[in-house]
Amino acid sequence: MGSQRVGQDSASPGLRGEKIVSVLTGGPVMAAALQSAASPVRSVVASPRPVKGQAGREAARRRLQLLPGSQAEGPGQGPAEEEEEPPLSVPEEGEEAQPLPAVCVFPMRGMWREEKVALYCDEVLRGCKAEDADDAMSKYLSEKLKLKDKWLGVWKANPELFFVKYEESSIPFVGILVEVTCKPRQSSSSCFKVTVSIAEPFSSNIANIPRDLVDEILEELEHSVSLLEVYPVEGQDSDLHDIALALEVVRFFYDFLWRDWDDEESCENYTALIEERINLWCDIQDGTIPGPIAQRFKKTLEKYKNKRVELIEYQSNIKEDPSAAEAVECWKKYYEIVMLCGLLKMWEDLRLRVHGPFFPRILRRRKGKRNFGKTITHIVAKVMTTDMVKDLSPDTLLQQHDDLDLALDSCYSGDTVVIFPGEYQAVNLALLTDDIVIKGIGKREEIMITSEPSHDSFVVSKADNVKLMHLSLIQQGTVDGIVVVESGHMTLENCVLKCEGTGVCVLTGAALTITDSEITGAQGAGVELYPGSVAILERNEIHHCNNLRTCDSSKSTLGGVNMKVLPAPKLKMTNNHIYNNNGYGVSILQPTEQFFIVAEEALNKGAASGDKRDDNMLSKVMQNLNLEMNNNKIEANLKGDIRIVTS
């Protein structure tokens, strides 16, 4: 691939197509960085390679493709092979590639947040603009490469170079031991290209890969590969450790901090934007942003990259002046990219993140009461019998549904939905705007409402007063809180909440009452209170929360109940049992050095005992936070019982 940004050579689709191309591509940038093995999306649009020795190479590739399958299936059971191009013979035992040596590892995950910010903002970028970021990375890397011009490394190549068909999960890369020669930097992009040749002994992560095939592919590439695809081998001198670290710094920048639109928009303080992205990455890693929500961000970012590649490939396939249909399709793809770009920017803005894509706002209007002023009791059951309604007053208006979604859609303020044992799904639970009561009849474990995995939200309310009673809410695949109170007041009474995403979230200005209920399994806090919210928790069990699947839970403070202050939420907890959570039982997240929570004198006065001083500080915090806790049992939480955490 050349030094232009991916897609810069795409054919113009016409009908303002030039504008589309220029908006999406911008100025020149290191495409070699975008072709890193860690980002398979970037390698999809590589330029076609020359067809040199095609017949022999295709045969070799086919053997690589079929050999594992034939070995697994046993003799005589492998797929039939074409006769015109017989596969190369299986290498003799002595010809097999040796195992790869260990490479230098400098995981960026091990660096503290402040260290990353100082490294990228102060040392590498040094206040440069977005359009100069590529040049800053090149300059940083070229300085390190002066330390040594020849060294050994493992080239982690895209498997598409060697295989016709393969499973990415089983073969993430083809590794070859190579000797690297670093030439003086010729341009802003040449720093990302190095000359390589096969090193002795011939080594690879694929034992039966033919050396001839590797030689041919390197010849086609003119022995020039992306530097970011090469990983220095352990056991060389200390200069190589510096080069390996520099390579990891550049890879991390292009994989996690750089965005395709950066040099297309004016940004007064680019380093401040990079700092926000570092904070976002760290928040995802340490669990501040719960695992499933982090997954949604990653999926959105990956979708953006894929859609961008789709547009570039679509443009490149238009050989002549585009038809009207092709031009319209270009615009459709372009605007889809713009929408995804805007959504990603919301994630990167700390002020928008809480009320942006984390919690989609309810857009449905309140219906209010019926015109004739009556309320209806909706019976949800496959068949309604007289036994089901024997306890209702004779003048109760009834309506029977076999579908919970239809019942909720038929509700007006004041209605009651009565659910009999069974398993139900209802997307309308994410659109609660009217004051209704939803209650189960029978054991709460027998009335199971499961979320729809294809939807982001499960139960979301902005009603003035909505109540859920005697139910089991089972979250499956949704990533937002199992229950999100956007505004108004919600009551959960005698319910079981089995979380798979985040727990119960009470947004700013909203109120929640939970009594006699159980919350478990959240990937984050069981109950999360946003600034200015109100919650009453009585006689509940909150346990086994902060079960993060994608983050390091040892770094996370979230557990049973998490409070975010400024302004402080109001919380009353009585007779709750909070146990076996992977963070703290109750965590209070405060901004740095907020004197209104803990006055400096409260820390300096008091007895010499550290424990007593901590008790005094916690008492002061509880007074200032309107935090009332009585007769709660908080035990066996991984990090501890109650903790004040500085953000």
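Residues numbered from 1 in each chain as written. Predicted model: local features only at pLDDT ≥ 70, side-chain atom pairs only at ≥ 80, totals over all residues. Heavy atoms only, no water.

A. Examining the overall build of the protein more closely. Per the secondary structure count, the protein includes 15 helices and 30 strands. Considering only residue pairs separated by 6 or more positions, the protein has 68% of its internal contacts joining residues 24 or more positions apart. (Helix = DSSP H or I, 4+ residues; strand = E, 2+ residues; numbered from the N terminus. Contact = heavy atoms within 4.5 Å.)

B. Here's a closer look at the pairing of strand 19 (residues 511-515). With respect to burial, strand 19 is a largely interior element, five of its five residues being buried. Residues of strand 19 alternate between two faces, with Ala511, Thr513 and Thr515 on one and Leu512 and Ile514 on the opposite face, all of them buried. Alignment of strand 19 against strand 22 (residues 534-538), held across five bridges, turns out to be parallel. Bridge pairing links leucine 512 to alanine 535 in strand 22. (Buried < 20%, exposed > 50% of the residue type's maximum accessible area, 1.4 Å probe, protein only. Pairing = 2+ DSSP bridges.)

C. Local environment of the environment of valine 466. Its location among the elements puts valine 466 in strand 13 (residues 465-469). Residues valine 466 and glycine 488 lie 22 residues apart in sequence; the distance between their C-alpha atoms is 8.4 Å. Not counting residues within four places of it along the chain, the set of residues in contact with valine 466 comprises Leu432, Asp434, Ile436, Ser461, His489, Met490 and Thr491.

D. Molecular detail of the pattern of salt bridges. Tallied over the entire structure, the rule returns 20 salt bridges. Residue lysine 146 is joined to glutamate 143 by a salt bridge in which the shortest nitrogen-to-oxygen separation is 3.2 Å. Here the salt bridges do not stand alone but share partners, grouping Lys307, Glu310, Glu329, Lys332, Lys333 and Glu336 into one network. (Salt bridge = Lys/Arg side-chain N within 4 Å of Asp/Glu carboxyl O.)

E. Region of the structure containing the confidence of the model for the protein. Per-residue confidence for the protein averages 76 on the pLDDT scale, and 72% of its residues sit at or above 70. Below a pLDDT of 50 lies the segment residues 66-94, which in the model reaches 23 contacts outside its immediate sequence neighbourhood of four places, other chains included. Residue range residues 549-555 is modelled with pLDDT below 50. Its contacts to residues more than four positions away, or to other chains, number 17 contacts. (pLDDT = per-residue confidence, 0-100.)

F. Looking closely at the pairing of strand 25 (residues 570-574). In this sheet, strand 25 lies alongside strand 22 in parallel orientation, the contact comprising five bridges. Looking across to strand 25, one finds that glutamate 538 is bridged to threonine 574. As paired elements, strand 25 and strand 28 (residues 627-630) share four bridges and run parallel to each other. Bridge pairing in strand 28 places threonine 574 opposite asparagine 630.

G. Region of interest: the environment of histidine 401. The residue histidine 401 is located in strand 7 (residues 397-401) in this model. On a C-alpha basis, the gap between histidine 401 and histidine 378 in space is 7.0 Å, while along the polypeptide they are 23 residues apart. Excluding residues that lie within four positions of it along the chain, histidine 401 makes contacts with His378, Ile379, Val380, Ala381, Leu406, Ala407 and Ser410.

H. Fine view of the nonpolar core. Membership of the largest hydrophobic core comes to 59 residues, with the highest contact counts inside it found for Tyr120, Trp155, Phe162 and Phe253. Breaking this core down by element, the ones donating at least two residues are helix 5 (113-125), helix 6 (133-145), strand 1 (150-157), strand 2 (174-181), strand 3 (193-198), helix 7 (211-220), helix 8 (238-257) and helix 9 (270-286). The biggest single contributor to this core is helix 8, with 10 residues. Apart from residues lying up to four places away in sequence, tryptophan 155 is in contact with Leu161, Phe162, Val174, Gly175, Ile176, Val178, Ile217, Leu218, Leu221, Val225, Glu229 and Val230. One finds Leu432, Ile436, Ile514 and Cys545 within the second-largest nonpolar core, a separate group that totals 53 residues. (Core = buried A, V, L, I, M, F, W, Y, C linked by side-chain atoms within 4.5 Å.)

I. Molecular detail of empty space enclosed by the protein. Scanning the entire structure with this criterion turns up three cavities of 30 Å³ or more. In this model, the second largest cavity occupies a volume close to 90 Å³. Lining of the second largest cavity is provided by Arg364, Arg365, Lys367, Leu408, Cys411, Asn428, Leu431, Leu432, Thr433, Asp434 and Ile436. Of the residues in the lining of the second largest cavity, the class split is five nonpolar, two polar and four charged. (1 Å grid on protein atoms, 1.4 Å probe; cavity = no way out; pocket = protein on both sides within 12 Å on 5 of 7 lines; lining within 4 Å. Points joined across faces, edges and corners; volume = space filled by probe spheres on them. Nonpolar A, V, L, I, M, F, W, Y, C, P; charged D, E, K, R; others polar.)

J. Geometry of the packing of aromatic side chains. Tallied over the full model, the rule gives 13 aromatic pairs. Consider the rings of tyrosine 120 and phenylalanine 253, whose centres lie 6.3 Å apart with planes at 25 degrees: the pair is stacked. Within this pair, whereas tyrosine 120 is found in helix 5, its partner phenylalanine 253 is found in helix 8, the two being separated by 133 residues in sequence. Residue phenylalanine 253 is classed as buried on the basis of its relative accessible area of 0%. Here the aromatic rings of phenylalanine 252 and phenylalanine 256 are separated by 5.0 Å at their centres, their planes lie at 45 degrees, and the arrangement is tilted. Here phenylalanine 256 and phenylalanine 252 lie together in helix 8, a separation of four residues that amounts to about one turn. For phenylalanine 252, a relative accessible area of 4% gives the class buried. Taken together, the ring pairs in this structure connect Tyr120, Phe252, Phe253, Tyr254, Phe256, Trp258 and Trp281 into an aromatic cluster. (Phe/Tyr/Trp six-rings, centres within 6.5 Å; stacked < 30°, edge-to-face > 60°.)

K. Structural detail: the sheet that holds strand 1. The strand order across the open sheet built from five strands is 4-3-2-1-5, with neighbouring strands paired in antiparallel fashion. This sheet does not close on itself; its edge strands, each paired only once, are strand 4 (224-226) and strand 5 (230-232). Between one strand and the next, the sheet's axes are offset by a mean angle of 50 degrees, whatever the strand orientation. Each of strand 1, strand 2, strand 3 and strand 4 is contacted by helix 7, which is oriented at about 155 degrees to strand 3, the strand it contacts most. Against the sheet, helix 8 makes contact with strand 1 and strand 5, and its axis sits at roughly 145 degrees relative to strand 5, the strand it touches most. (Axes fitted to C-alpha atoms, helices over the stretch in contact; angles between N-to-C directions.)

L. Layout of the side chain of arginine 444. Counting through the fold element by element, arginine 444 comes out in the loop between strand 10 (437-440) and strand 11 (447-450). Look past the residues within four positions of arginine 444 in its chain and what remains in contact with it is His470, Leu471, Ser472, Asn494, Cys495, Val496, Asp516, Ser517 and Glu518.

M. View of unusual backbone geometry. Residues glutamate 200 and proline 201 are joined by a peptide bond in cis, for which omega reads -5 degrees. Note that proline 201 resides in the loop between strand 3 and helix 7. Look at glutamate 222: it is not a glycine, yet its phi comes out positive at around 60 degrees. The topology assignment puts glutamate 222 in the loop between helix 7 and strand 4. In this structure glutamate 222 comes out as exposed when scored by relative accessible area, which is 67%. With a phi close to 55 degrees, arginine 539 is a non-glycine residue in the positive phi region. Its place among the elements puts arginine 539 in the loop between strand 22 and strand 23 (541-543).

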